[in-house]
Amino acid sequence: MNQLQLFLPCAAGVEELLAEEVHAITGLQGEDLRSHRGGVLARSSWRDAMRLNLHSRLAQRVLVELSSTPYRNEQDLYEAASNVAWEIWFTPKQSFKIEVTAQHSPLTSLNFAALKVKDAVADRFRFKTGVRPDVNVQWPDVRIYLHLTTEHATIYIDTSGDALFKRGWREDKGDAPLKETLAAAMIAASGWDGTTPLYDPCCGSGTIAIEAAQIACNIAPGSLRRFGFEKLLPFQPHVWSAIQDQAAEAEHEPQTQIFGSDVAFRMVDFATRNAERAGVTGVVEFRGGDALQRMPPAPSGVMLLNPPYGERIEVAGVAGRREAAQTDDGGSDFFPQLATHWKRNYAGWTGWILTPDLKLPGKMRLKESRRVPMWNGPIECRLFRFDMVAGSARRGADTDAK
């Protein structure tokens, strides 16, 4: 278990950030750590697989590659799965589930592909032990992933269980919650290091602010949850306990304060309760208030926000409510007014906005200093950086006059 090929899938656009995170957690580099489309490949140990589950904020899962072979039909998939030594990973008393993903696969039915792999796993156990394990598609003990490309089939066993964005603290959430992994990617892309104030003026249920608060305290993102590897045969409880103890000992007091506000007081209550569960009540401060009216909570710092939009939910706040009754896009006046508010009151701050609107800087009459491609699920977005410097209100007024 010291020479495993791991694959950590992540959101598109986050691969390089994830590679940096994996290096920080494990020390891997060079040929042992490679960015890949949609994730990161890491040649490492079973112990590192557990540590990555506990500490990674950006990965969606930690998968162990068990087979990678060419294929042309479903029988090839059956043969590949039959050759995997499933008996060293779990027992026939445990249930399992097959999940299939594909990119340009020539097969006509992914469900049939999953069925053939399922049969191969069950048949191998029956041949080895005389007993077939059960399939449980809802709450399996073991998750097996099959990924198909045009010519190659790769089989993985999952060590995470529930997806890693499920940290265990967000029980209260709004209509379109931001995944914790994407919030962490926004923080990583911004370069925020936990030493300066951070503020989310459209905080919703508090995801960005709470992720930042845990980073500031060095709290492992997986410290409140269970993992799939705990049900696999290589799992050793004493080794896992030592990894958890080491993580707990590394926690420390924050060097700065985190802030969040939202126009909906219901969401502020949600965020406050989520912060309590995440163990950062004293680190993050949530208040009600419109993003167009709230004054800076500190002289300078970093603003990070994922404001409501289109496919998510209507822009909230004074401008959003007014414009929703007048326009088809539900809040077209919000961003220009937000830019004006920032120019007048947020000199010394850096603002980062995640949005699917590639023309947002023009609408805000602000020049972005950086744009980072990032995907929010199926929605292609950009993370724009705006530097608010002293005197920008005057320049903004001059630009408006022109």
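The notes below deal with the structure included here. In this text, all values refer to a predicted model and were calculated from it rather than measured experimentally. (Residues numbered from 1 in each chain as written. Predicted model: local features only at pLDDT ≥ 70, side-chain atom pairs only at ≥ 80, totals over all residues. Heavy atoms only, no water.)

1. A few points about the overall build of the chain
Regarding its fold elements, the chain presents 12 helices and 14 strands. Computed over C-alpha atoms, the radius of gyration of the chain comes to 24 Å, within 12% of the 21 Å expected from 2.2 N^0.38 for 402 residues, which places it in the range of a compact globule. Along the first, second and third principal axes, the C-alpha set of the chain runs to 80 × 50 × 40 Å. Within the chain, the fraction of its 402 residues that count as buried is 53%. As presented, the chain carries roughly 18500 Å² of accessible surface, and 48% of it is formed by carbon and sulfur atoms. One finds the centroid of the 46 positive side-chain charges in the chain at a distance of 2 Å from the centroid of its 49 negative side-chain charges. (Helix = DSSP H or I, 4+ residues; strand = E, 2+ residues; numbered from the N terminus. Rg over C-alpha atoms; globule rule 2.2 N^0.38 Å. Buried < 20%, exposed > 50% of the residue type's maximum accessible area, 1.4 Å probe, protein only. Areas by Shrake-Rupley, 256 points an atom, 1.4 Å probe, with all protein chains shown as cover. Lys, Arg positive; Asp, Glu negative; His and termini not counted. Charge placed at Lys NZ, Arg CZ, Asp CG, Glu CD.)

2. Re the sheet that holds strand β6 (residues 142-148)
Read across the open sheet, the 7 strands follow the order β2-β3-β1-β4-β7-β6-β5; overall the sheet is mixed. Looking at the sheet topology across the chains shown, the edges are occupied by β2 (33-36) and β5 (96-102). Averaged over all adjacent pairs, the angle separating strand axes in this sheet is 30°, with direction ignored. Examined bridge by bridge, β2 and strand β3 (residues 39-44) share 4 bridges and lie antiparallel to one another. Bridge pairing in β3 links Arg34 to Leu41. (Pairing = 2+ DSSP bridges. Axes fitted to C-alpha atoms, helices over the stretch in contact; angles between N-to-C directions.)

3. Considering the nonpolar core
Within the largest apolar cluster, 96 residues are counted, with the highest numbers of intra-cluster contacts made by Phe90 and Met374. Contacts of Phe90, omitting those with residues within four sequence positions, involve Phe96, Val121, Phe125, Val142, Ile144, Ile157 and Leu233. (Core = buried A, V, L, I, M, F, W, Y, C linked by side-chain atoms within 4.5 Å. Contact = heavy atoms within 4.5 Å.)

4. Quick look at the packing of aromatic side chains
Taken as a whole and judged by the stated rule, the model has 14 aromatic pairs. Between Phe229 and Phe235, the ring centres sit 5.9 Å apart and the planes meet at 40°, which makes this aromatic pair tilted. Aromatic pair Phe229 and Trp240: ring centres 4.9 Å apart, planes at 80°, arrangement edge-to-face. Of this pair, Phe229 sits in the loop between α6 (207-217) and α7 (237-249) while Trp240 sits in helix α7, placing them 11 residues apart in sequence. Residue Trp240 is classed as buried on the basis of its relative accessible area of 5%. Pairwise contacts between aromatic rings join Trp46, Trp89, Phe227, Phe229, Phe235 and Trp240 into one cluster. (Phe/Tyr/Trp six-rings, centres within 6.5 Å; stacked < 30°, edge-to-face > 60°.)

5. Description of the packing of helix α1 (residues 15-26) against helix α2 (residues 46-55)
Close contact between α1 and α2 brings their axes to 10 Å; oriented N to C, the two are set at 120°. Between α1 and α2, the angle is such that the two are oblique. Our pair here, α1 against α2, has a crossing hand that is right-handed. For the pair α1 and α2, contact is made by Glu21, Val22, Ile25 and Thr26 and by Asp48, Arg51, Leu52 and His55, respectively. When grouped by side-chain class, the residues that make up the contact of α1 with α2 number 3 nonpolar, 2 polar and 3 charged. (Parallel < 35°, antiparallel > 145°, perpendicular 65-115°, else oblique. Left-handed = near helix turned anticlockwise from the far one by under 90°. Nonpolar A, V, L, I, M, F, W, Y, C, P; charged D, E, K, R; others polar.)

6. Let's talk about the state of the cysteines
Under the counting rule described, the total for this entry stands at 0 disulfides. Unpaired in terms of disulfides, Cys10 finds its nearest cysteine sulfur in Cys381, a separation of 15 Å. (Disulfide = S-S within 2.5 Å.)

7. So, unusual backbone geometry
One non-glycine residue, Asn218, lies in positive phi territory at about 60°. Looking at the element boundaries, Asn218 is found in the loop between α6 and α7. Not every positive phi belongs to a glycine, and Arg365 is a case in point at roughly 55°. Within the secondary structure layout, Arg365 lies in the loop between α11 (360-364) and β13 (370-376).

8. Details of empty space enclosed by the protein
Counting across every chain of the model gives 2 cavities of 30 Å³ or more. Within this model, the largest cavity holds a volume of roughly 40 Å³. Every residue lining the largest cavity is listed: Tyr199, Phe259, Gly260, Ser261, Glu285, Arg287, Arg294 and Pro297. Put simply, the parts of the chain that give the lining of the largest cavity at least two residues each are β9 (258-262) and β10 (284-288). Across the lining of the largest cavity, the residue classes break down as 3 nonpolar, 2 polar and 3 charged. (1 Å grid on protein atoms, 1.4 Å probe; cavity = no way out; pocket = protein on both sides within 12 Å on 5 of 7 lines; lining within 4 Å. Points joined across faces, edges and corners; volume = space filled by probe spheres on them.)

9. What to know about the pattern of salt bridges
For side chains bearing opposite charge, pairing can occur when the charged atoms are close. Applying the stated criterion across every chain yields a total of 20 salt bridges. With its nearest N and O atoms 2.8 Å apart, the salt bridge here joins Glu87 to Arg124. Of the two residues, Glu87 sits in the loop between α3 (74-82) and β5 while Arg124 sits in helix α4 (residues 110-129), which places them 37 residues apart along the sequence. Classification of Glu87 by relative accessible area gives partly exposed; the value is 27%. Taking relative accessible area as the criterion, Arg124 reaches 17% and is therefore assigned buried. (Salt bridge = Lys/Arg side-chain N within 4 Å of Asp/Glu carboxyl O.)

10. Observations regarding the sheet that holds β10
Strands sit in the order β10-β9-β8-β11-β12-β14-β13 across an open sheet of 7 strands; the sheet is mixed. Strands with a single pairing partner mark the edges of an open sheet, and in this sheet they are β10 and β13. Direction aside, the axes of adjacent strands within the sheet are offset by 20° on average. The sheet contact formed by strand β11 (residues 301-305) and strand β12 (residues 349-355) spans 5 bridges and is parallel. Residue pairing in the sheet places Leu304 in a bridge with Trp352 of β12. Packing against the sheet, helix α8 (residues 265-278) makes contact with β9 and β10, and its axis sits at approximately 165° to β10.

Just geometry here; none of it tells us what the structure is for.
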